[in-house]
Amino acid sequence: MDALHSFEVIRPKTVDEALAARIAHRHSRMIGGGTDLLVNIRRRIETPSVLIDTSDLTDLKTIEHGDTGLSIGASVRLFEVAEHPNIQHFYPAIAQAAGSIAGPTHRNMGTVGGNLCLDTRCIYYNQSEWWREANDHCLKTELGDMCHVAPKSKGVCFATYSGDLAPALMLFGAEIDLLGPDGERTVAMRDFYIGSSRQDGSKGDGINYMAIKPGEFVVRVRASSPGRLISGYDKIRIRRSIEYPVAGCAAALTRDDDTLTDIRIAFTGTNPRPVFLEGTADLAGSTLSDSVLEGIDNLCKDQLMSMKTTFTPGHYRRRVATQMAKRLVGQLFNAAG
Amino acid sequence: MPKKLVSLTLNGKQHDGVAPDNMLLLDYLREGLGLTGTKTGCDGGECGACTILVDGRAQLACLTLVAQVAGKSVETVEGLSSNGQLSDVQAGFHEKLGSQCGACTPGFVMATEALLRANTNPTDDDIRNALGSNICRCTGYIKIFDAVHHAAALRREEDPAPYPTVADQAA
Ligand SMILES: Cc1cc2nc3c(=O)[nH]c(=O)nc-3n(C[C@H](O)[C@H](O)[C@H](O)COP(=O)(O)OP(=O)(O)OC[C@H]3O[C@@H](n4cnc5c(N)ncnc54)[C@H](O)[C@@H]3O)c2cc1C
Ligand code: SF4
Ligand code: FES
Ligand code: FES
């Protein structure tokens, strides 16, 4: 047994206690199910001095559903989201995304807060310490000065965001409620994930991928009412039982007679952020024709930026993602007919 | 690393022990308490060999800290048999050859135990969904389906289906 680095575990009972612990320990990290963080700690990728466990925070364990929308607490476990009858009925994409995360035992452990804040991933990063040392550390662990995926990246990291819930929630204009030393604030999910990896440094990247301030933590996520949107989630992975996505795609649409009246698409596993495809509104207004599918193709070519951060090549992941989007849109359009 | 008192229910009995905050439940069970039935199969979260039950649900002991289960109920494979008699799930794996090298078996047995508490008549799909976090490199899984069906029949107090004969299989 290799001992883990020394750290303290705090298990607050209330959100106020959690905030107090967060303020008292500036370098603390929240821990939900630990299915991401403890893997990183075991590999010495991360060495936080204090872990604040969210699993006793009763106030954050509720799922509320009403006319105005859906609210899911950060401590809710993934299996609860996947099995919730109202989420299955009104927000199938969210239930299906939750039900496709890792394997069943992981879903008993993993929380919504942990899934939303899932660390970005890369084959040069998700490795043991000796592997990383032997192959030269990269930028993301702050021990190296080069990105192995894009050596000319000028300090930018392209590690991939691969959480499954985020793209599904984005279809419904979701917002994240954060609590921190300066109080509570709400951030639209599309502004929360900032991993654009632009080389002009204007926005975040695979290292700095969330708009979360020091000491803040996620308390809940809220999605607006689906209205008439019908939605679904699809995911390609190497092993179907337990695996991160090669690419994941969430889509929602409305159909009136033969006309596609609204269409929304979002991806995970492609960029250092979940990608809500911009420009799909221009594709609505006609039936689901070849030109709509070609439009999806073009938007994907423009906005999906898959790099060689996984065992599958980047261009392959982009094609898989695009194909999955077109297939899913076709299925939803038929189902709505 | 300072040790702390931890109290939990372990295999149905009150357990008071000491462990530092940075100790994994897997290491505590195996090296602290000598409960080596729970296996280590990977470097974290990939294989299911370490599956135990926490408050009745399957969890991975290799991605759980002792500090996180204080006050909870933990069940390991050692808690299943009584008076030297295999439990129904263990008997199913034994009878149907659901175990070969055995490294994955305690994990599969615990995940199956959690499944049968919720559903005593699982379909193949139910089994696939419940055991999806567990990996076996020996059996090819077919025998594991047989083992779970056998165990489920025992749990329902029915006679398990007999082994198919060579003639049945040819038919
Ligand atoms: C084999 C395997 C396969 C996996 N496959 C998938 C997959 O297919 N899809 C997928 O999405 N994930 C996958 N995962 C990752 C993980 O299991 C899930 O993402 C899970 O939802 C993480 O939740 P958690 O509560 O366990 O997170 P934790 O490990 O507890 O936390 C993850 C991160 O979020 C932070 N955090 C936790 N809660 C909060 C909060 N309330 N506020 C702010 N920050 C917080 C932590 O500090 C940490 O950085 C896989 C993991 C393994 C081991
Ligand atoms: S993309 Fe580059 S910097 Fe980021 S984790 Fe991978 S190798 Fe490291
Ligand atoms: S030891 Fe492999 S999942 Fe726990
Ligand atoms: S019996 Fe050998 S790994 Fe399953």
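This one's a predicted model, so the numbers in the text were calculated from it and none came from an experiment.

The rules we used
Residues numbered from 1 in each chain as written. Chains lettered and ligands numbered in written order. Predicted model: local features only at pLDDT ≥ 70, side-chain atom pairs only at ≥ 80, totals over all residues. Heavy atoms only, no water. Buried < 20%, exposed > 50% of the residue type's maximum accessible area, 1.4 Å probe, protein only. Helix = DSSP H or I, 4+ residues; strand = E, 2+ residues; numbered from the N terminus. Arc of directions from axis to C-beta. Contact = heavy atoms within 4.5 Å. Buried area = accessible area lost by both parts, 1.4 Å probe. Salt bridge = Lys/Arg side-chain N within 4 Å of Asp/Glu carboxyl O. Polar contact = N/O pair within 3.5 Å; in protein donor to acceptor, adjacent residues only side chain to side chain. Near = heavy atom within 4 Å. Nonpolar A, V, L, I, M, F, W, Y, C, P; charged D, E, K, R; others polar. Core = buried A, V, L, I, M, F, W, Y, C linked by side-chain atoms within 4.5 Å. Pairing = 2+ DSSP bridges. Axes fitted to C-alpha atoms, helices over the stretch in contact; angles between N-to-C directions.

Asks: Can you explain helix α1 (residues 15–24) of chain A? Please cite residues and give values.
Replies: Residues and elements named next belong to chain A. For α1, the full list of buried residues reads Val15, Ala18, Leu19, Ala21 and Arg22. Viewed end-on, α1 has its buried residues packed into an arc of 160°, placing them on one side of the element. Turned more than 90 degrees off the buried face of α1, the exposed positions are Asp16 and Ala24. Where α1 is buried, its residues touch β1 (8–10), β2 (28–31), β3 (50–53), β6 (175–180) and β8 (217–224).

Asks: Any chance you could break down the interface of chain A and chain B for me, citing the residues and the numbers?
Replies: Across the boundary between the two partners, chain A contributes 30 residues, which contact 34 residues of chain B. Across the chain A/chain B interface, buried area totals approximately 2700 Å², and carbon plus sulfur atoms make up 51% of it. Applying the counting criterion to the chain A and chain B interface returns two salt bridges. Glu46 of chain B serves as the salt-bridge partner of Arg239 of chain A, at 3.6 Å between the closest nitrogen and oxygen. Inspection of the chain A/chain B interface yields twelve residue pairs in polar contact (both at pLDDT 80 or more). The greatest single-element share of the side of chain A that touches chain B, amounting to five residues, is contributed by helix α6 (residues 104–109) of chain A.

Asks: Give a detailed account of the site of ligand 2, specifying residues and quantitative values.
Replies: Near ligand 2 the following residues occur: Cys122, Tyr124, Tyr125, Cys138, Leu139, Lys140, Cys147, His148, Val149, Cys157, Phe158 and Ala159 of chain A. Looking at the shell around ligand 2 residue by residue, the class counts come to ten nonpolar, one polar and one charged.

Asks: So what's going on with the nonpolar core? Residues and values would help.
Replies: The biggest cluster of nonpolar side chains holds 60 residues, and the ones touching the most others in it are Ile94 and Met189 of chain A. Excluding residues within four positions of it along the chain, Ile94 of chain A makes contact with Leu70, Val81, Ile87, Leu165, Ala168, Leu169 and Phe172 of chain A. Ile31 and Leu38 of chain A together with Ala67 and Val74 of chain B belong to the second-largest nonpolar core, a separate cluster that totals 28 residues.

Asks: How would you sum up the side chain of His148 of chain A? Please name residues and give values.
Replies: All names here are of chain A. One can find His148 in the loop between α8 (129–134) and α9 (165–170). Looking at His148, its side chain comes within polar contact range of the main-chain oxygen of Asp136, at 2.7 Å. Setting aside residues up to four positions removed in sequence, His148 forms contacts with Tyr124, Asn135, Asp136, His137 and Cys138.

Asks: Describe the sheet that holds strand β9 (residues 230–236) of chain A, listing the residues and the values that go with them.
Replies: Residue and element names in this part refer to chain A. Pairing is antiparallel across the open sheet formed by four strands, whose spatial order is β9-β10-β11-β12. Since the sheet does not close on itself, it has two edges, and those belong to β9 and β12 (275–276), each with one partner. One ladder, built from nine bridges, connects strand β10 (residues 247–256) with strand β11 (residues 259–268); its direction is antiparallel. Looking at the pairing, Asp256 lines up with Thr259 of β11. Helix α12 (residues 314–336) contacts β9, β10 and β11 of the sheet and is inclined by roughly 30° relative to β10.

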